[in-house]
Amino acid sequence: MITVRNNIALIQPGFSLMNFDGQIFFFGQKGWPKRSCPTGVFHFDIKQNHLKLKPAVFSKDSCYLPPLRYPATCTFQGSSESEKQQYIIHGGKTPNNELSDKIYVMSVVRKNNKKVTFRCTERDLVGDVPEARYGHSLDVVYSRGKSMGVLFGGRSYMPSNQRTTKKWNSVADCLPHVFLVDFEFGCATSYILPELQDGLSFHVSIARNDTVYILGGHSLANNIRPANLYRIRVDLPLGSPAINCTVLPGGISVSSAILTQTNNDEFVIVGGYQLENQKRMVCNIVSLEDNKIEIQEMETPDWTPDIKHSKIWFGSNMGNGSVFLGIPGDNKQIVSEAFYFYMLKCSEDDVHEDQRTFTNSQTSTEDPGDSTPFEDSEEFCFSAEANSFDGDDEFDTYNEDDEDDESETGYWITCCPTCDVDINTWVPFYSTELNRPAMIYCSHGDGHWVHAKCMDLAERTLIHLSEGSNKYYCNEHVEIARALQTPKRTIPLRKPPMKSLHKKGSGKILTPAKKSFLRRLFD
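Here the structure is a predicted model, which is why all the values come from computation and not from measurement. (Residues numbered from 1 in each chain as written. Predicted model: local features only at pLDDT ≥ 70, side-chain atom pairs only at ≥ 80, totals over all residues. Heavy atoms only, no water.)

Counting its secondary structure elements, the protein contains four helices and 33 strands. Counting all 523 residues of the protein, 53% fall into the buried class. For the protein, the proportion of contacts with a sequence separation of at least 24, taken over those separated by at least 6, is 59%. When the accessible surface of the protein is totalled, it reaches about 26200 Å², and 49% of it is carbon and sulfur. (Helix = DSSP H or I, 4+ residues; strand = E, 2+ residues; numbered from the N terminus. Buried < 20%, exposed > 50% of the residue type's maximum accessible area, 1.4 Å probe, protein only. Contact = heavy atoms within 4.5 Å. Areas by Shrake-Rupley, 256 points an atom, 1.4 Å probe, with all protein chains shown as cover.)

As structure tokens, this is what we get:
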């Protein structure tokens with residue numbers, strides 16, 4: 001078990017881990033960065049099972065890198081010494097829940113006493129530019145002395161002309177196109193391969209030399225996890241690239257798995273899901289040798305009871321056969337953490353990785369969006385190559401007192417005595433929900449917010465109230481509001497006025513008999 005010493009609320013499903021020369025860095029925090037760490041990138045320092053997040057530094061000529069969650073990342077070997085190791089970041093979600101279609105390149109420009117200074121640049125693409133997405137993979141292949149990025153899969157919001165009020169945040173599988181991206185010249189080309197019929201997300205990808213293997217994944221359109229195994233081979237001659245796809249036997253049905261490398265030719269698949277709401281507790285060994293891939297089941301780890309009984313889990317590869325895992329905390333206790341974290345070791349030996357072997361995979365989150373509960377909606381890709389790190393650092397200590405505690409926000413309040421909305425177990429109920437529960441304002445007194453589901457509101461009623469200006473009163477205050485309500489004004493019956501003759505100076509109404517008597521008297 002790993003103890004997080006500071007600001008545990010920043011570590012949420014959807015983060016990425018990046019390794020630069022043996023040091024691991026955390027990227028993709030929850031919410032926008034604060035003044036204590038405006039870059040949103042942290043040194044992921046684990047010593048003696050204790051984790052500290054220390055802010056990273058960027059050079060002055062860097063562009064702004066938003067805290068993207070669930071992006072696709074991969075390592076890229078540049079030609080110059082300063083570009084010896086770079087990370088390519090594509091896609092992902094911003095804290096405003098917007099999807100990014102940008103490509104960022106992160107590299108190290110200075111390293112003094114293990115204190116790293118990064119440079120981040122944004123690359124513009126021309127040609128067949130991939131649409132904004134998340135849950136996809138990005139790998140680099142090498143052929144004939146050239147390199148090329150291979151982008152595949154993912155999910156995106158529905159086209160704007162198909163988005164309605166009820167399905168505004170609905171997501172769909174991206175088309176099963178394969179994109180070749182030239183990072184040097186900023187060109188992207190789309191390819192349609194007949195073997196790839198359905199869109200896939202949250203799959204595992206392994207790139208070696210000129211080949212990318214696509215394993216598992218989830219098809220949102222069909223709601224299946226096909227046991228497919230694809231081999232995509234890219235040839236980079238002097239002319240146009242040649243790309244072909246082959247369907248191989250021996251695949252497994254898995255989505256949202258984590259991939260870690262145990263030696264040059266061996267990988268381990270950890271976690272993920274095999275069915276809706278059912279975690280995949282078994283692990284597999286993937287062997288690459290002589291341009292062949294073999295997948296075998298390995299001995300199941302001795303999972304703790306908390307991990308076995310949790311409905312969701314997420315994590316990232318730490319390198320050297322180690323995986324960083326997180327599960328929701330026990331909200332039944334008086335004092336509990338939002339998440340508990342563990343480190344799983346799959347290998348005791350150091351890994352000397354081939355620089356042309358890279359891996360990507362995705363992990364699950366608590367935010368299902370419009371997909372199946374507990375998995376596959378908000379996930380991320382990360383590079384599996386990482387080495388252990390030792391020694392003391394001179395990084396500045398991250399001051400968590402300067403941060404707001406984002407684990408408790410207005411969306412996760414206890415709105416009423418029967419409220420059962422919990423940040424760790426919540427799943428969407430209405431079609432308009434994505435990563436937060438729908439709320440409605442009660443106009444009683446000074447006013448307060450309540451969850452629409454706790455009020456048993458029908459979706460049609462919720463949409464009607466949100467579109468109009470009618471006041472709403474929650475179940476607890478609706479009777480009080482009715483008692484205080486002013487009765488409706490009734491219009492009295494109109495009666496014709498009765499003509500009357502007044503005696504001068506008397507002010508009294510004369511009866512018909514008196515009027516007849518007075519007429520005879522004056523006549």
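This paragraph deals with the sheet that holds strand β13 (residues 146-152). A sheet is described by the order of its strands in space; here five strands give the open sequence β11-β17-β16-β13-β12, paired in mixed fashion. Each edge of the sheet is formed by a strand with only one pairing partner; in this case those strands are β11 (126-127) and β12 (137-143). Here seven bridges tie β12 to β13, and the two strands are oriented antiparallel to one another. Within the sheet, the bridge partner assigned to S137 lies in β13 and is F152. (Pairing = 2+ DSSP bridges.)

Per the UniProt record, "binding site: Zn(2+)" (unreviewed entry) is annotated on C415, C419, C442, H448, H451, C454, C474 and H477. Positionally, C474 belongs in the loop between α2 (459-467) and α3 (478-484). The buried category is assigned to C474, whose relative accessible area is 2%. When neighbours within four sequence positions are excluded, C474 is seen to be in contact with C442, H448, V450 and M455. Mapped onto the elements, H477 comes out in the loop between α2 and α3. The class for H477 is buried, based on a relative accessible area of 13%. Not counting the four nearest positions on each side in its chain, H477 is found in contact with C442, H444 and H448. (UniProt positions renumbered as here; feature names shortened; annotations may be inferred.)

What follows concerns a nonpolar patch on the surface. Together, I413, Y441 and W449 give the surface a local cluster of nonpolar side chains, amounting to about 290 Å² of exposed area. Among the structural elements, Y441 can be located in strand β32 (residues 439-442). (Patch = residues over 30% accessible without salt bridge, like charges linked within 9 Å, V, L, I, M, F, W, Y side chains within 5 Å. Salt bridge = Lys/Arg side-chain N within 4 Å of Asp/Glu carboxyl O.)

We now examine the packing of aromatic side chains. Scanning the entire structure with this criterion turns up 20 aromatic pairs. For the pair F44 and F324, a centre-to-centre distance of 5.1 Å together with 90° between the ring planes defines the contact as edge-to-face. Pair noted here: F44 is in strand β4 (residues 41-47) and F324 is in strand β29 (residues 322-328), with a separation of 280 residues, a long-range link. The burial state of F44 is the same as that of F324; both residues are buried. With 5.1 Å between their ring centres and 85° between their planes, F314 and F339 make a pair best called edge-to-face. Of the two residues, F314 is situated in strand β28 (residues 314-319) and F339 in strand β30 (residues 339-345); the sequence distance between them amounts to 25 residues. On the basis of relative accessible area, F339 is assigned to the buried category, the value being 3%. (Phe/Tyr/Trp six-rings, centres within 6.5 Å; stacked < 30°, edge-to-face > 60°.)

Taken in spatial order, the five strands of this open sheet run β6-β10-β9-β8-β7, and their pairing is mixed. At either margin of the open sheet sits one strand with a lone partner, and together these are β6 (57-58) and β7 (72-76). Bridge count for β6 against strand β10 (residues 115-123) is two bridges, and the pairing is parallel. In the sheet register, V57 faces β10, and the bridge partner there is T117.

Right, let's talk about the environment of G326 for a bit. Considering the arrangement of structural elements, one finds G326 in strand β29. Between the alpha carbons of G326 and Y342 there is a distance of 6.3 Å; along the sequence they are 16 residues apart.

Now for the pattern of salt bridges. Here the idea is simple: oppositely charged side chains can pair when their charged atoms come close. Tallying each qualifying case throughout the model produces seven salt bridges. Ionic pairing is found between R119 and D61, a salt bridge with its closest N-O pair at 3.0 Å. Here D61 lies in the loop between β6 and β7 and R119 lies in strand β10, a separation of 58 residues in the sequence. Residue R119 is classed as partly exposed on the basis of its relative accessible area, which comes to 28%. Here the salt bridges share partners, and the residues they tie into one network are D45, K47 and K54.

As a further point, take the state of the cysteines. Per the counting criterion, the structure on display carries zero disulfides. C416 takes part in no disulfide bond, and the closest cysteine sulfur, belonging to C415, lies 3.8 Å away. Note on C416: relative accessible area 10%, which makes it buried. Here C474 is not cross-linked by a disulfide; its sulfur's nearest cysteine counterpart is in C442, at 3.7 Å. (Disulfide = S-S within 2.5 Å.)

Okay, the pairing of strand β18 (residues 204-208) next. Across the five residues that make up β18, a large majority, five, are buried. What you see with β18 is no split at all: V204, I206 and R208 on one side and S205 and A207 on the other are buried throughout. When β18 meets strand β19 (residues 211-215), the two strands line up antiparallel, connected through five bridges. The residue bridging V204 from the neighbouring strand is L215, located in β19.

Let us look at the side chain of Q29. In this fold, Q29 is placed in the loop between β3 (23-27) and β4. One polar contact links the side chain of Q29 to the main-chain carbonyl oxygen of G31, over a distance of 3.3 Å. Polar side-chain contacts of Q29 include one of 3.3 Å to the backbone oxygen of W32. Here Q29 is in contact with L10, G40, F42, P67 and R69, once residues within four sequence places are set aside. (Polar contact = N/O pair within 3.5 Å; in protein donor to acceptor, adjacent residues only side chain to side chain.)

Time to look at the environment of T300. Note on placement: T300 falls in the loop between β27 (292-297) and α1 (305-309). Given a relative accessible area of 36%, T300 falls into the partly exposed group. With 30 residues separating them in the primary sequence, T300 and V270 have C-alpha atoms 9.7 Å apart. Excluding anything up to four places from it in sequence, T300 contacts M281 and V282.

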